[in-house]
Number of protein chains: 2
Amino acid sequence: MKNQQPIGFIDSGVGGLTVVKEVMKQLPNENIIYLGDTARCPYGPRSTEEVITFTWQMVDFLLKKDIKMLVIACNTATAAALESIKEKLLIPVVGVILPGTRAAVKATKNGRIGVIGTKGTVASGSYKRAIQEKVPEIKVISLACPKFVSIVESNQYHTSVAKKIVSESLFSLRRQHLDTLILGCTHYPLLRPIIQNVMGETVTLIDSGAETIGEVSMLLDYFSIANKKNPQARRAFYTTGSTLLFNEIANDWLAPENVDSKQVILGGEK
Amino acid sequence: MKNQQPIGFIDSGVGGLTVVKEVMKQLPNENIIYLGDTARCPYGPRSTEEVITFTWQMVDFLLKKDIKMLVIACNTATAAALESIKEKLLIPVVGVILPGTRAAVKATKNGRIGVIGTKGTVASGSYKRAIQEKVPEIKVISLACPKFVSIVESNQYHTSVAKKIVSESLFSLRRQHLDTLILGCTHYPLLRPIIQNVMGETVTLIDSGAETIGEVSMLLDYFSIANKKNPQARRAFYTTGSTLLFNEIANDWLAPENVDSKQVILGGEK
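Since this is a predicted model, take the numbers as computed values, not measurements.

About the cut-offs
- Residues numbered from 1 in each chain as written.
- Chains lettered and ligands numbered in written order.
- Predicted model: local features only at pLDDT ≥ 70, side-chain atom pairs only at ≥ 80, totals over all residues.
- Heavy atoms only, no water.
- Contact = heavy atoms within 4.5 Å.
- Buried area = accessible area lost by both parts, 1.4 Å probe.
- Salt bridge = Lys/Arg side-chain N within 4 Å of Asp/Glu carboxyl O.
- Pairing = 2+ DSSP bridges.
- Helix = DSSP H or I, 4+ residues; strand = E, 2+ residues; numbered from the N terminus.
- Axes fitted to C-alpha atoms, helices over the stretch in contact; angles between N-to-C directions.
- Core = buried A, V, L, I, M, F, W, Y, C linked by side-chain atoms within 4.5 Å.
- Buried < 20%, exposed > 50% of the residue type's maximum accessible area, 1.4 Å probe, protein only.
- Least-squares fit on C-alpha atoms with pLDDT ≥ 70 in both.
- Right-handed = clockwise from strand over helix to strand, strands pointing away.
- Polar contact = N/O pair within 3.5 Å; in protein donor to acceptor, adjacent residues only side chain to side chain.
- Expected span 1.5 Å × (residues − 1).

1. Overview of the interface of chain A and chain B
If you look at the interface, chain A gives 29 residues, while chain B gives 30 residues. Taking both partners together, chain A and chain B bury about 2600 Å²; carbon and sulfur atoms supply 51% of that area. Across the contact surface, chain A and chain B share eight salt bridges. Here Lys228(B) ties to Glu133(A) by a salt bridge, and the two come within 3.2 Å at their closest N and O atoms.

2. Points about the sheet that holds strand E2 (residues 32–36) of chain A
Residues and elements named next belong to chain A. Taken in spatial order, the six strands of this open sheet run E4-E3-E1-E2-E9-E10, and their pairing is parallel. Across the chains shown, the open sheet's two edge strands, defined by having one partner strand only, are strand E4 (93–95) and strand E10 (262–263). Bridge analysis of strand E1 (residues 7–11) against E2 gives five bridges, and the strand direction is parallel. Among the inter-strand pairings, Gly8 is bridged to a residue of E2, identified as Ile33. Sitting on the sheet, helix H1 (residues 17–26) is in contact with E1, E2 and strand E9 (235–239), with an inclination near 170° to E2. Relative to E4, helix H3 (residues 75–88) is tilted by about 160°, and along the sheet it contacts strand E3 (69–72) and E4.

3. Description of the nonpolar core
Here is a general trend for soluble globular proteins: nonpolar side chains tend to be buried in one another's company. Ranked by internal contacts, the top residues of the largest apolar core, which has 116 residues, are Ile195(A) and Ile195(B). Here Ile195(A) is in contact with Ile116(A), Phe148(A), Val166(A), Leu170(A), Leu181(A), Leu183(A), Tyr188(A) and Leu205(A), once residues within four sequence places are set aside.

4. Description of the relation of the copies chain A and chain B
For the pair chain A and chain B, the superposition axis carries a translation of 0.0 Å, the fit reaches an RMSD of 0.0 Å, and the rotation angle comes to 180°. The transformation relating the two chain copies, once decomposed into turn and shift, fits a two-fold axis. Relative to the rotation axis, the closest C-alpha in chain A is found at Glu215(A), a distance of 3.8 Å. Interface overlap between copies: 100% of the residues of chain A at the interface are likewise at the interface in chain B, consistent with a symmetric, same-surface contact.

5. A look at the pairing of strand E8 (residues 204–207) of chain B
Residues and elements named next belong to chain B. With four bridges joining them, strand E7 (residues 180–183) and E8 adopt parallel strand pairing. Opposite Leu181, over in E8, you have Leu205 as the bridge partner. One crossover worth recording links E7 to the parallel E8 by way of helix H9 (residues 192–199), and it is right-handed.

6. Observations concerning the side chain of Thr18(A)
Residue and element names in this part refer to chain A. Structurally, Thr18 can be placed in helix H1. At a separation of 2.8 Å, a polar atom in the side chain of Thr18 contacts the main-chain carbonyl oxygen of Thr186. Here Thr18 is in contact with Thr186, Pro189, Leu190 and Trp253, once residues within four sequence places are set aside.

7. A word on helix H11 (residues 243–254) of chain B
All names here are of chain B. Here H11 is 12 residues long and its end C-alpha atoms lie 15 Å apart, about the 16 Å a rise of 1.5 Å per residue gives. Considered for burial, the residues of H11 that qualify are Phe246, Asn247, Ile249, Ala250, Trp253 and Leu254. Here the buried face of H11 lies against helix H1 (17–26), strand E2 (32–36), helix H7 (148–153) and strand E9 (235–239).

8. A few points about the sheet that holds strand E5 (residues 112–117) of chain B
Residues and elements named next belong to chain B. Sheet architecture is open: four strands sit in the order E6-E5-E7-E8, paired in parallel fashion. Two strands lie at the open edges of the sheet, namely strand E6 (139–144) and E8, each paired on one side alone. Strand-to-strand twist across the sheet, computed as the mean angle between neighbouring axes with direction ignored, equals 20°. In this fold helix H4 (residues 97–107) packs onto E5, E7 and E8, with an angle of close to 160° to the strand it touches most, E8.

9. Brief notes about helix H2 (residues 48–63) of chain A
All names here are of chain A. Its 16 residues give H2 an end-to-end C-alpha distance of 22 Å, which sits within 8% of 22 Å, the value for a rise of 1.5 Å per residue. Buried within H2 we find Val51, Phe54, Thr55, Trp56, Gln57, Met58, Val59, Phe61 and Leu62. Against the buried residues of H2 lie E1, E2, E3, H3 and E9.

Here you go:
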């Protein structure tokens, strides 16, 4: 039965877990398989070609697991590879940029939206283009925050170091009169309380990953492949890096889920 | 060009204008055609068969206008007719119930969601079923508010009569410890400030129509039929009832849009 098949999630590391957290809340009946390319994280500073190659390696791994839908739970990979992957796969493929865009366009009242993301995502101009294709008048201010992913991957997102780096990185954005800020990297929701504190309560933060689950849910309904009865959903986690560090972050973030990840090797070493 | 074709909206009356308001904000480039069956409003107390017949008459009218997508911007008609219409049409068809459901499931923290709608919508059990198919543990408390549509259609939604009726109607819901309330009728957002006041600031109101535009936007992207450059979007409005009253409400709600509706006759008199 198609609806029993898992949904596949890929990310450069642990960031996509913020998307999985929303699946567990909004679509608890869905079986899922997650793959984080922790060993080669971050993707942000890599060339587009490299990101495309790595992303396809992850996709190939999940296709063998018979997934019914693919979620590219990584903004950098979405910006680089969504179109080509969507074109070639027969299953629905969802990226995180358009859902974040739509939510921001819906949320803004003053027409000034900020976007923070990796170097790769910001350089691609994907958010700015997608927003202005919808509403040309909206002003989009983008900022690369290259240090944020490392803070999360090294499990330092609760520390005072995180506070200092976030505060310094977002300094220039605070004068931009934004009413909406897109967290354009799935790692960033782990820093959400700090980011909200720095930007102030009047700025609406858009979690691109959480918004993506709205699209996933919609497509499951639209193609009639939702899993409607499955009280014991199966969730499998794979990482290309240390399972120890992955489990530590995953269990902190997804509690009470008990994550016991497996290591896989992608690419050349196959 | 497919992307230049209009999106069609149907409603039992003026309620769907709350959905159009969101289109104007989130998708200002889209040409639209709206048809409100004001002469036969409300649909809420009618039999399912009758609602299906009337809805198909509206759909037939819009199909002749070469729409690229159909939005059933009426909860009663969605509950009664979405499935059969979606099955028979070749263009994407969107109803308002699933988008409202998804937004509510995302918003709730305590797992207690209220739903208010017409008699027909509440009797169909559509919201409750859709919510619990996603997350079985969520408690759904539904309440029919049969007087609300008439308040709106008679342009009394700013009055003290509206306040009194809303307050009395929602009395029983206030003890239900809801943290989320679905406005399960597209007329209700016109009463939103009053409903929010009665329910209290801690209850998140879900506007099923506004949420629907997220789905519309998603499907336009998914099928690559979004209108990306169209600074002079065309918006045409039709009503089966009085154009005078329709224009009055439409111009109040959609300002600064200048609505000049045309009257059409559906069904027997064709």
